[in-house]
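Residues per chain are reported as follows:
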Amino acid sequence: MTQVLRIRGRQGVGELGWWFFLVMWGNVVLIEGLIAAAAAGGGAVVQAAGTDAWNGIRSGVARLFGHGEAGREQAVLERLDRTRAVLEAAQDGAEAEQVRIAQVAVWQTRLETLLEELPDTERQQVVAELEALVAQADAAQPSETVHNDFRNATFEGPVQGSGTQNNHFHR
């Protein structure tokens, strides 16, 4: 008997879309669905570091790994704090991006391992909780705004800083 479970995940800027994984004869074949959920979760951890969402994401991820055991949760909290410290210590530019990519990979791998080891019923619940954490991290991201200051500037025709520009010329 084969069952198909749908998982929807998001990672930072891009929509991962619907992915599927198959449960066959009680054995789980891990394919894009769980990988996508783990990748989105890893991205959420890194994305939330340094934002107002950090404490909620931090405690949610620790709860997923802890399975109700305070010692396990505390170990994950400490690991998350080290991740945040590494991200904050990285300089701007290429170094910071490399550190971000590495930390996303670290947390993706940890989450993949967690999901692989769970029984089917627990896995579905953890994926749902992980999706909620990803949504929480996404919601905490500031919307990008552009402010162009053209004070004291002189132009010889229409100028567009960003967005839509409508020009009306009167003769």
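Above: the structure in question.
Basis of the calculations
- Residues numbered from 1 in each chain as written.
- Predicted model: local features only at pLDDT ≥ 70, side-chain atom pairs only at ≥ 80, totals over all residues.
- Heavy atoms only, no water.
- Axes fitted to C-alpha atoms, helices over the stretch in contact; angles between N-to-C directions.
- Helix = DSSP H or I, 4+ residues; strand = E, 2+ residues; numbered from the N terminus.
- Left-handed = near helix turned anticlockwise from the far one by under 90°.
- Contact = heavy atoms within 4.5 Å.
- Nonpolar A, V, L, I, M, F, W, Y, C, P; charged D, E, K, R; others polar.
- Parallel < 35°, antiparallel > 145°, perpendicular 65-115°, else oblique.
- Salt bridge = Lys/Arg side-chain N within 4 Å of Asp/Glu carboxyl O.
- Buried < 20%, exposed > 50% of the residue type's maximum accessible area, 1.4 Å probe, protein only.

1. As for the packing of helix H2 (residues 54-66) against helix H4 (residues 94-117)
With their axes 10 Å apart at the nearest point, H2 and H4 run at an angle of 35 degrees to one another. Crossing hand, H2 versus H4: left-handed. Residue-level inspection shows Val 61, Leu 64 and Phe 65 of H2 in contact with H4, the latter providing Trp 107, Arg 110, Leu 111 and Leu 114. Each residue belonging to the contact of H2 with H4 can be placed in one class, and the counts come to six nonpolar, no polar and one charged.

2. Focus on the packing of H2 against helix H3 (residues 70-89)
The interhelical angle for the contact between H2 and H3, taken along N-to-C directions, is 140 degrees, at an axis separation of 8 Å. The orientation of H2 with respect to H3, classified from their angle, is oblique. Note that H2 runs across H3; the crossing there is right-handed. Across the interface between the two elements, Trp 54, Arg 58, Ser 59, Val 61, Ala 62, Arg 63, Phe 65 and Gly 66 of H2 pack against Arg 72, Glu 73, Val 76, Leu 77, Leu 80, Asp 81 and Arg 84 of H3. In terms of residue class, the contact of H2 with H3 is made up of seven nonpolar, two polar and six charged.

3. Observations regarding the pattern of salt bridges
The final tally for this structure, using the stated rule, is five salt bridges. Close ionic contact of Arg 58 with Asp 81 constitutes a salt bridge, the shortest N to O distance being 2.7 Å. With Arg 58 in helix H2 and Asp 81 in helix H3, the pair connects residues that are 23 residues apart, well separated along the chain. For Asp 81, a relative accessible area of 33% puts it in the partly exposed group. Two residues, Asp 120 and Arg 123, come together in a salt bridge whose shortest N-O distance is 2.7 Å. Highlighted residues: Asp 120 and Arg 123, both in helix H5 (residues 120-140), separated by three residues, approximately one helical turn. What makes Asp 120 partly exposed here is its relative accessible area of 26%.

Spatial relationships are all this shows, so hold off on functional conclusions.
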